[in-house]
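Each chain, letter by letter, is given below.
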Amino acid sequence: MASFSVEEFMGNGVLKELLPKLLDEGWDDVPTLKVMDAEDMNSINMTQQQKDALGIRSYLHDRGLMQFADKLEACDRNRCDDSFKLRAIMARRRSSKMYRHDSIAKNLASNSSNSMMRVHIRINATSDRSVEQSLTDLKIKDGYVFKGIVAAEPAEPRACGCVQPPPVSDQVAPYAAIENISVQKLTPEYKIGIEPLMKMKTPPMKASQLWRDKPAVFLCLRRPGCIMCRAEAYKLFTRKPIFDALGVQLFAVLHEHIESEVKDFWPRYWGGVILFDRSRDFFKALGGGKLLKEKFFSGFLLNPRALSNYKRAKTTGFQLNFKGEGEIKGGLFIVGSGRTGIAYQFIERNFGDWAPLAEVIEICTQLQKQQQGQSELEQP
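Residues numbered from 1 in each chain as written. Predicted model: local features only at pLDDT ≥ 70, side-chain atom pairs only at ≥ 80, totals over all residues. Heavy atoms only, no water.

### Digging into the overall build of the chain
Check the secondary structure of the chain and you find 16 helices and eight strands. Out of the 380 residues in the chain, the part that is buried amounts to 51%. Counting only contacts in the chain whose residues sit at least 6 apart along the sequence, the fraction spanning at least 24 positions is 77%. Accessible area for the chain stands at about 18400 Å²; split by element, carbon and sulfur atoms hold 52% of it. (Helix = DSSP H or I, 4+ residues; strand = E, 2+ residues; numbered from the N terminus. Buried < 20%, exposed > 50% of the residue type's maximum accessible area, 1.4 Å probe, protein only. Contact = heavy atoms within 4.5 Å. Areas by Shrake-Rupley, 256 points an atom, 1.4 Å probe, with all protein chains shown as cover.)

### A short note on a nonpolar patch on the surface
Taken together, the side chains of Phe296, Phe297 and Leu301 define a hydrophobic patch exposed on the protein surface, amounting to about 320 Å² of accessible area. Along the polypeptide, Leu301 turns up in helix α14 (residues 296-301). Given a relative accessible area of 41%, Leu301 falls into the partly exposed group. (Patch = residues over 30% accessible without salt bridge, like charges linked within 9 Å, V, L, I, M, F, W, Y side chains within 5 Å. Salt bridge = Lys/Arg side-chain N within 4 Å of Asp/Glu carboxyl O.)

### Here we look at the pairing of strand β7 (residues 331-335)
Consecutive side chains along a regular strand alternate between the two faces of the sheet. Burial analysis of β7 places five of its five residues in the buried class, which makes it a mostly covered element. Covered by surrounding structure in β7 are Gly331, Phe333 and Val335 together with Leu332 and Ile334, the residues of both alternating faces. Looking at chain direction, strand β4 (residues 216-220) and β7 are connected through five bridges and run antiparallel. Bridge assignment links Leu219 to a residue of β7, and that residue is Leu332. (Pairing = 2+ DSSP bridges.)

### Observations regarding the environment of Ile178
With respect to the element layout, Ile178 can be found in helix α9 (residues 176-179). Distance from Ile178 to Ser208, taken between C-alpha atoms, is 7.6 Å for residues 30 residues apart in sequence. Leave out the neighbours within four places in its chain, and Ile178 touches Ala207, Trp211, Phe282, Ala285, Val335 and Ile342.

### Section: the packing of helix α10 (residues 227-237) against helix α15 (residues 304-314)
Contact pair α10 / α15: the axes reach a minimum separation of 9 Å and the direction vectors enclose 60°. As summarised for this structure, α10 and α15 are arranged oblique, according to the angle between their axes. In this structure, α10 meets α15 at a crossing whose hand is left-handed. Contact residues: α10 offers Ile227, Met228 and Ala231, while α15 offers Ala306, Asn309, Tyr310, Ala313 and Lys314. When the residues that make up the contact of α10 with α15 are grouped by side-chain class, the tally is six nonpolar, one polar and one charged. (Axes fitted to C-alpha atoms, helices over the stretch in contact; angles between N-to-C directions. Parallel < 35°, antiparallel > 145°, perpendicular 65-115°, else oblique. Left-handed = near helix turned anticlockwise from the far one by under 90°. Nonpolar A, V, L, I, M, F, W, Y, C, P; charged D, E, K, R; others polar.)

### Regarding the sheet that holds strand β6 (residues 273-276)
One open sheet holds the eight strands; their spatial order is β1-β8-β7-β4-β5-β6-β2-β3, and the pairing between them is mixed. Of all strands in the sheet, those bounded by a partner on one side alone are β1 (150-152) and β3 (205-206). By the bridge criterion, four bridges tie strand β5 (residues 249-254) to β6 in an arrangement that is parallel. Each bridged residue has a counterpart across the sheet, and for Leu254 the counterpart in β6 is Phe276. Against the sheet, α10 touches β4, β5 and β7, its axis set at about 165° to β4.

### A closer look at α10
Within an α-helix, residues lying three or four positions from one another point in the same direction, as the helix has 3.6 residues per turn. The buried fraction of α10 is high, at 10 of 11 residues. All of the buried residues along α10 are Ile227, Met228, Cys229, Arg230, Ala231, Glu232, Ala233, Tyr234, Leu236 and Phe237.

### Brief notes about unusual backbone geometry
For the bond from Trp266 to Pro267, the omega torsion is 0°, close enough to zero to count as cis. Here Pro267 lies in the loop between α12 (259-265) and β6. Its identity is not glycine, yet Asn45 carries a phi of approximately 60°, on the positive side. Here Asn45 lies in the loop between α4 (38-43) and α5 (48-62). Of note, the phi angle at Arg280 is positive, near 60°, even though the residue is not glycine. Tracing the chain through its elements places Arg280 in the loop between β6 and α13 (281-286).

### A look at the packing of aromatic side chains
Tallied over the full model, the rule gives 12 aromatic pairs. Geometrically, the ring pair formed by Phe282 and Phe333 is tilted, given 5.9 Å between the ring centres and 45° between the ring planes. Of this pair, Phe282 sits in helix α13 while Phe333 sits in strand β7, and the two are 51 residues apart along the sequence. Overall, Phe282 belongs to the buried group, its relative accessible area being 0%. On the basis of relative accessible area, Phe333 is assigned to the buried category, the value being 0%. Through successive ring pairs, a cluster of aromatic residues spans Tyr175, Trp211, Phe218, Phe251, Phe282 and Phe333. One residue, Arg312, lies across the ring of Trp354, its end atom 3.7 Å from the ring centre. For Lys329, the ring lying beneath its charged end belongs to Phe351, and the centroid distance is 5.0 Å. (Phe/Tyr/Trp six-rings, centres within 6.5 Å; stacked < 30°, edge-to-face > 60°. Lys NZ or Arg CZ within 6 Å of the ring centre and 35° of its normal.)

### Some points on the nonpolar core
Membership of the largest hydrophobic core comes to 70 residues, with the highest contact counts inside it found for Met36, Val217, Phe243, Trp270, Ile274, Leu332 and Ile334. With eight residues, the single largest contributor to this core is α10. Those residues in contact with Val217 that lie beyond four places of it in its chain are Leu236, Phe243, Val248, Gln249, Leu250, Phe251, Leu332, Phe333, Ile334 and Cys364. (Core = buried A, V, L, I, M, F, W, Y, C linked by side-chain atoms within 4.5 Å.)

### Observations concerning the side chain of Arg239
In this fold, Arg239 is placed in the loop between α10 and α11 (240-246). A distance of 3.5 Å separates a polar atom in the side chain of Arg239 from the backbone oxygen of Lys235. A distance of 3.2 Å separates polar atoms of two side chains, one belonging to Arg239 and the other to Thr238. (Polar contact = N/O pair within 3.5 Å; in protein donor to acceptor, adjacent residues only side chain to side chain.)

Here is the structure:
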């Protein structure tokens, strides 16, 4: 599934004039637009033609066929298959209901001021008949083997056992390893009409300021031009409404600042804040105090799991390049608010390993429960 900014997704047809109104109402990214239902559309006075256009674009977006969206939207009844339009609209409605039910999570009231939350609050309880379905890949199922606080995929034999994979630490990084990390914001969170990139560089700041009040997920990327990194970032960010509902922030972390690469990566593959870790301290923390590196030949070409990860990412249809340092492995941190420390970390043992999304959401759900429990205790 290819990635598009809101402007690209809406195209140059009948939906383009709706952009200002959508921004005012909080419909400001592609995943959010795709979960609109009839009630939401009527609330902003969308015409039937605009409703059909949104259905077609959502359908094509899911199947990596957005290059045909403008032509299909513009075609008349004599030249366009109405049955295809109907299938597109019905498929979008089904996915909208499934997505909404899963992303409500368990508590919305604490973040009602967030624009993304308005998507979920609009759900009418009387139209909840079919929302018993859920996105099963985001749920911890019975019998699931939890990978633990320090997670990594297994390392398969390489070259008949002649090449050994580098060892990874099985100890969670101490809070002191990340508390004083200096980072710099390279991009803001994407909104419709925002400048392509921040014109003025922000001064460095302590990373601990970012999770002072709210938990945060830090996705440490090996290289923003890598198709596997782009696919992972996109997959995680499309679940932003879920993380918003859980009160958890999302950040992407780069260890190298190449402005053209940042511009190409944001917001197409990641619409959130991007941080620059000049000293690579987040990446060192993932490696137990030192950078976890591996050569392209031994770590990729001779590694069956890495090749499988590459094939998985290729199905997205994303573009890729080979600019920048690509041997420093990344991973993911979930950091609790205040000084509660690291709740979860995932290490990219093989090139292209992704943190299991079900685990990430489960940990964030647990953090939300802990915060709510503490708030109740503090109340008089």
